Every structure is written in C-alpha cells, then in structure tokens.
Amino acid sequence: MTDTRDIRFFGGLAGDIRGTDDDRPPLVFLHGLTYDRRQWGPLLDELATVDPGRRVLTLDLPGHGGSARWDGYDLDKVVAALHAAVTEAGLAAPIVVGHSLGGVLVTRYAAAHATRGVVNVDQPLLVGRFGDVLRQAEPVLRSPSWGEIWDRMLGNMQVDRLPPAARDLVSTATDPRQDLLLGYWNEILVTSAEELGRRQTHVLGVIRSSGVPYRYVTGHSPDPAYEGWLKSALPDVTVTVLPGSGHFPHLVHPREMAGMLAG
C-alpha cells in the first residue's frame, strides 16, 4: 500500500506531477489493475534523461495506491474522474499512456476528451478468450478463494522475464483485492464479448475521426486476427513489438519507451 502522507491529489486521485509547461504535449500515465503509479518509475527516470523537464502526471486509479476506494468501479465513471484530475492539474490535451487496464482507460479517455496521442501498453481491446475464462471463473472470483484467479492471471504475465529490479517492483507495488477485480472486471462479467467488441469498435472510430495518433506497444507479435481487427478500426495505428518483455514492456524496455514518448 502506498504511503498516503504528503500525497498530492488531482480531482480526488493521488498523483505526482513534474516538469514545466512548454510546447511539448504533457504526458499522463495510468497503471494496470492492482498496481499504482510507482510502476512508471523506471520509465520516468529514462524520460528525464532523454526529454528533461517534460510535464508529466502519474495518477493512482480509484481504489489503488493513495486514491480512495469506491463502492464500484464503472469504467466510464473512472474516465470521468481521470478527466477531472487532468483538468485540475492544468493539462490541456495530453498524450495519455496506459498499461494493461490503463490501456483500456486511455483509449476511452481519448474518445471522450481532447488528447494529442494515445499509447496503449500491452492491452488488447477485445476480451476474447479472457472474457470466457473470467466468466467461467466468476463463482470462484466471488468466493473467499478469489485470490486463486489473480494468481493464475499473474502466472500468465511472464513476470519471470523481468529484470530483478522490475520483478521486485511488480511484486511489491501492488495490492490485489477482491473488490478491485470484481469492480474493474464487472463490465466483462455482465456484457457479452460481441457487445464489448461493438463498443470498442465505436470508440476507435471516434479516435480515428479525430485524427489522434494511436500506438499499441506489446511484448509479443499480436494475434493476426486481432491485429487485423485493430487496423481495420484504426488504419493509422502504430504497432510496436518490444520482444522478451511479457506483459511489462515499460519495465523491460524503459529506454525504448522513453524514446517513443520524447519530443
């Protein structure tokens, strides 16, 4: 759990802001489910070297880190809270960067609010097989044995591929809880994969019509069917593969990620 002393809040969300306002678009970083803004430390260290003074806001999602818990975590309400935080921080049309769950949120954010770019770090936008597995596991997820589901998910994230310092960050800067999993995964549990796919296609259509650049960064070559869908919905998407990084490209390749964001 993040120490809540001396934390600054933006729109009710715990966060850190650094850098100065200038002609470079500000960056907003959102972590993944159960993690917190400490996930971005190695990348921010590299960014300070290649793009010093860049205006950067890192936030803890509702229920994570220093941000207060909510009774539920409707994703559209979370996006609204993120916009309130960005507005209070005084950032106009930022580039939004999200890992895992954060990738879903920054995608929705860009469809609803002014942005100058989206970077989705290893988050497919179609639930596919994951949705089937999650719905089958729902009874366990709602039981006292819910932790078995998270452990199973974590085992698929290839944490063993991480450098020791990054592996330690993944293991310690996290607070898995049943309310987070049920709350943030609720949409997948109650909505069909077909309907979720239609919604995501619409969201990407809005981003496409606005001309906002979209980059998908992943640790492995995307499934051809998924990549085909993504490029049909967003023809100008940039797909970047940073091999050998599992689910955490920003931790295995922070210098390369910083280079993408610089400027």
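Above this text you will find the structure in question.
Here is a short report on the structure shown in this document. All values derive from a computational prediction rather than experimental measurement.

Rules and cut-offs
Every residue gets a number counted from 1 within its own chain, in the order that chain's sequence is written. Selection of residues for local features in this predicted model requires a pLDDT of at least 70, selection of side-chain atom pairs for listing and counting requires 80 or more, and totals for whole chains, interfaces and linings are taken over all residues. Neither water nor hydrogens contribute to the side-chain values; these are computed over all heavy atoms in the structure. We call a residue buried when its accessible area falls under 20% of the maximum for its residue type, exposed when it is over 50%, and partly exposed in between, using a 1.4 Å probe and counting protein chains only. To qualify as a helix, a DSSP run of H or I must reach at least 4 residues; to qualify as a strand, a run of E must reach at least 2; elements of each kind are numbered from the N terminus. Each pair of strands is called paired provided DSSP finds at least two bridges between the two strands. Expected helix span is computed as 1.5 Å times (number of residues minus one). Directions from the helix axis toward the C-beta atoms define the arc. Side-chain atoms alone can form a polar contact between residues adjacent in sequence; in general such a contact is a pair of N or O atoms within 3.5 Å, and within protein one must be able to donate a hydrogen while the other accepts it. In this description, a line fitted to the C-alpha atoms serves as the axis of each element, helices being fitted only across the stretch in contact, and the angle between N-to-C directions of two axes falls anywhere from 0 to 180 degrees. In this scheme, roughly parallel covers angles under 35 degrees and roughly antiparallel covers those over 145, while 65 to 115 is roughly perpendicular and the rest are oblique. Contacts between residues were defined by any pair of non-hydrogen atoms, one from each residue, lying within 4.5 Å. Charged means Asp, Glu, Lys or Arg here, nonpolar means Ala, Val, Leu, Ile, Met, Phe, Trp, Tyr, Cys or Pro, and polar covers whatever is left, Gly included. Basic side-chain nitrogens of Lys or Arg form a salt bridge, by our definition, when they fall within 4 Å of a carboxyl oxygen of Asp or Glu.

Some words on the pairing of strand E7 (residues 214-218)
Moving on, step 1. In terms of burial, E7 is largely enclosed, as four of its five residues are buried.
Moving on, step 2. Judged from the four bridges that link them, strand E6 (residues 117-121) and E7 form a sheet pairing that is parallel. Its bridge partner being in E7, Val121 is matched across the sheet by Val217.
Moving on, step 3. Where E7 and strand E8 (residues 238-241) come together, four bridges link them in parallel fashion. Bridge assignment links Arg215 to a residue of E8, and that residue is Thr238.

Observations concerning helix H2 (residues 75-88)
Moving on, step 1. Helix length check: H2 (14 residues) gives 20 Å between terminal C-alpha atoms against 20 Å at 1.5 Å per residue, within 8%.
Moving on, step 2. Of the residues making up H2, those classed as buried are Leu75, Val78, Val79, Ala81, Leu82, Ala85 and Val86. Around the axis of H2, the buried residues are gathered within 160° of arc, so they sit on the same side. Among the exposed residues of H2, those pointing more than 90 degrees away from its buried face are Lys77 and Glu88.
Moving on, step 3. Put simply, Asp74 is the residue that caps the front of H2, since its side-chain oxygen is 3.1 Å from the backbone nitrogen of Asp76.
Moving on, step 4. Immediately downstream of H2, the backbone of Gly90 shows phi near 80°, a positive value.

Thoughts on the packing of H2 against helix H3 (residues 101-112)
Moving on, step 1. In contact at an axis separation of 10 Å, H2 and H3 are set at 75° when each is read in the N-to-C sense. Classified by the interaxial angle, the pair formed by H2 and H3 is roughly perpendicular. From H2, Leu75, Asp76, Val78, Val79, Leu82, His83 and Val86 reach across to H3, where they touch Leu101, Val104, Leu105, Arg108 and Tyr109.
Moving on, step 2. Looking at the contact of H2 with H3 residue by residue, the class counts come to nine nonpolar, one polar and two charged.

So, the environment of Thr238
Moving on, step 1. Note on placement: Thr238 falls in strand E8.
Moving on, step 2. As a C-alpha pair, Thr238 and Pro213 span 25 residues in sequence and 8.2 Å in three-dimensional space.
Moving on, step 3. Contacts of Thr238, omitting those with residues within four sequence positions, involve Tyr214, Arg215 and Tyr216.

Overview of the pattern of salt bridges
Moving on, step 1. Taken as a whole, this structure holds 18 salt bridges when the rule is applied.
Moving on, step 2. Residues Arg24 and Asp22 are paired through a salt bridge, measuring 2.7 Å at the closest nitrogen-oxygen approach.
Moving on, step 3. Its relative accessible area of 37% is what places Asp22 among the partly exposed residues.
Moving on, step 4. A salt bridge links Asp51 to Arg54; the nearest nitrogen and oxygen atoms lie 2.5 Å apart.
Moving on, step 5. Since its relative accessible area comes to 3%, Arg54 is described here as buried.

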